Amino acid sequence: MSCLLDVAYLAEAPEHDPCITAIADEAFGPGRFVRAAERVREMAPHDRRLSFVALLEGTVVGSVRLTPILIGTRPCLMLGPLAVRPQFKGKGIGRRLMAMAETAALLAGEKVIMLVGDRAYYMPLGYRPLPVGSVVMPGPVDQTRILGLPLVENALDGVTGSVRARDVSQHG
Ligand SMILES: CC(C)(COP(=O)(O)OP(=O)(O)OC[C@H]1O[C@@H](n2cnc3c(N)ncnc32)[C@H](O)[C@@H]1OP(=O)(O)O)[C@@H](O)C(=O)NCCC(=O)NCCS
């Protein structure tokens, strides 16, 4: 799949916040605030160095965020929201944002990315289902949608426990 649009990819900055919120509202609707992943994001700030936007003519058309968390005692990153404006879907923007987030996480020395999402989209990118019941989210969640990406060999082994905020001073 190729992207014929002249899309620029940048690390996220504060001025992108209103557009990112609008895109997430559009993608997930007001119901997103009851989602367990959103509960986590309320507890823990995302890391802008590991979060990216896709810009078309200066306007944000897609975004992905990574948030430092703990699962049990294990430092991990939670990915999301990932969203692309409807009229720009299917042009490779989502996958490019996912690749940028993964590379940045690896370079930052992170070992695991987890998310709550569709297996059909994320498993081709290397994400694997985590054992049902192994990760306790701060709210109701379909356990079969909890997926993890090991950034180093065997990094998913023993990833179990409650999701909590990670002190940013422990990150980087
Ligand atoms: C999911 C999303 C971010 C993908 O962004 P995108 O830029 O359209 O993705 P890409 O162009 O990189 O990839 C598109 C491919 O993913 C597939 N795809 C998109 N959403 C999918 C889904 N939910 N399940 C399975 N495959 C999916 C498309 O069919 C396409 O497949 P192809 O490459 O074989 O043609 C975008 O569709 C979106 O914003 N959706 C609404 C919000 C959302 O669902 N976010 C993810 C949370 S689970």
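Just so it is clear, the structure is predicted and the values come from calculations on it, not from any experiment.

Conventions adopted
- Residues numbered from 1 in each chain as written.
- Predicted model: local features only at pLDDT ≥ 70, side-chain atom pairs only at ≥ 80, totals over all residues.
- Heavy atoms only, no water.
- Helix = DSSP H or I, 4+ residues; strand = E, 2+ residues; numbered from the N terminus.
- Rg over C-alpha atoms; globule rule 2.2 N^0.38 Å.
- Buried < 20%, exposed > 50% of the residue type's maximum accessible area, 1.4 Å probe, protein only.
- Contact = heavy atoms within 4.5 Å.
- Areas by Shrake-Rupley, 256 points an atom, 1.4 Å probe, with all protein chains shown as cover.
- Lys, Arg positive; Asp, Glu negative; His and termini not counted.
- Charge placed at Lys NZ, Arg CZ, Asp CG, Glu CD.
- Pairing = 2+ DSSP bridges.
- Expected span 1.5 Å × (residues − 1).
- Arc of directions from axis to C-beta.
- Salt bridge = Lys/Arg side-chain N within 4 Å of Asp/Glu carboxyl O.

**Student:** Break down the overall build of the chain for me, citing the residues and quoting the values.
**Tutor:** If you tally the helices and strands in the chain, you get 4 helices and 9 strands. In sequence order, the secondary structure elements of the chain are arranged as β-α-α-β-β-β-α-β-α-β-β-β-β. A globule of 172 residues ought to have a C-alpha radius of gyration of about 16 Å, and the chain, at 15 Å, matches this closely. Considering only C-alpha atoms, the chain reaches an extent of 45 × 35 × 35 Å along its principal axes. Of all 172 residues assigned to the chain, the portion counted as buried reaches 46%. Look at the contacts in the chain between residues 6 or more apart in sequence, and 69% of them connect residues 24 or more apart. Accessible surface for the chain amounts to roughly 8,500 Å². Of this, 56% is attributable to carbon and sulfur atoms. Here the chain contributes 19 positive and 17 negative side-chain charges, whose respective centroids are spaced 4 Å apart.

**Student:** An account of the pairing of strand E4 (residues 74–84) is needed here, citing residue identities and associated values.
**Tutor:** Two faces, one strand: in a regular strand the side chains alternate between the faces of the sheet. Summarising burial for E4: 9 of the 11 residues are buried, a large majority. For strand E3 (residues 59–71) and E4, the ladder comprises 9 bridges, and the chain directions are antiparallel. Looking across to E4, one finds that Ile69 is bridged to Cys76. Hairpin connection between E3 and E4: a loop of 2 residues separates the two successive antiparallel strands, and Gly72 in this loop has a positive phi of roughly 65°. Relative to strand E5 (residues 112–116), E4 runs parallel, the two being bridged by 2 bridges.

**Student:** Hey, could you go over unusual backbone geometry for me, with residue numbers and the actual values?
**Tutor:** Look at the link from Gly80 to Pro81: it is a cis peptide, with omega at -5°. The topology assignment puts Pro81 in strand E4. With phi around 50°, Glu57 is a residue other than glycine that occupies positive phi space. Looking at the secondary structure, you find Glu57 in the loop between strand E2 (52–56) and E3. Under the relative-accessibility criterion, Glu57 is labelled exposed at 78%. The phi angle at Asn154 is positive, at roughly 60°, despite the residue not being glycine.

**Student:** If you had to explain helix H3 (residues 93–107) to someone new, which residues and values would you point to?
**Tutor:** Between its first and last C-alpha, H3 extends 21 Å over 15 residues, near the 21 Å set by a 1.5 Å rise per residue. Among the residues of H3, those classed as buried are Ile93, Gly94, Leu97, Met98, Ala101, Ala104 and Ala105. Each buried residue of H3 lies within a common arc of 135° when the element is viewed along its axis, so the set occupies one face. Turning to H3, the residues buried within the fold contact strand E1 (7–11), E2, E3, E4, E5 and helix H4 (119–122).

**Student:** Summarise the pattern of salt bridges; cite the residues concerned and give the values.
**Tutor:** Opposite charge on two side chains permits them to pair, given that their charged atoms come into close proximity. Within this structure, the stated rule accounts for 10 salt bridges. A single network of salt bridges, built from pairs that share partners, joins Glu12, Asp17, Arg48 and Arg65.

In short, geometric facts, not functional conclusions.
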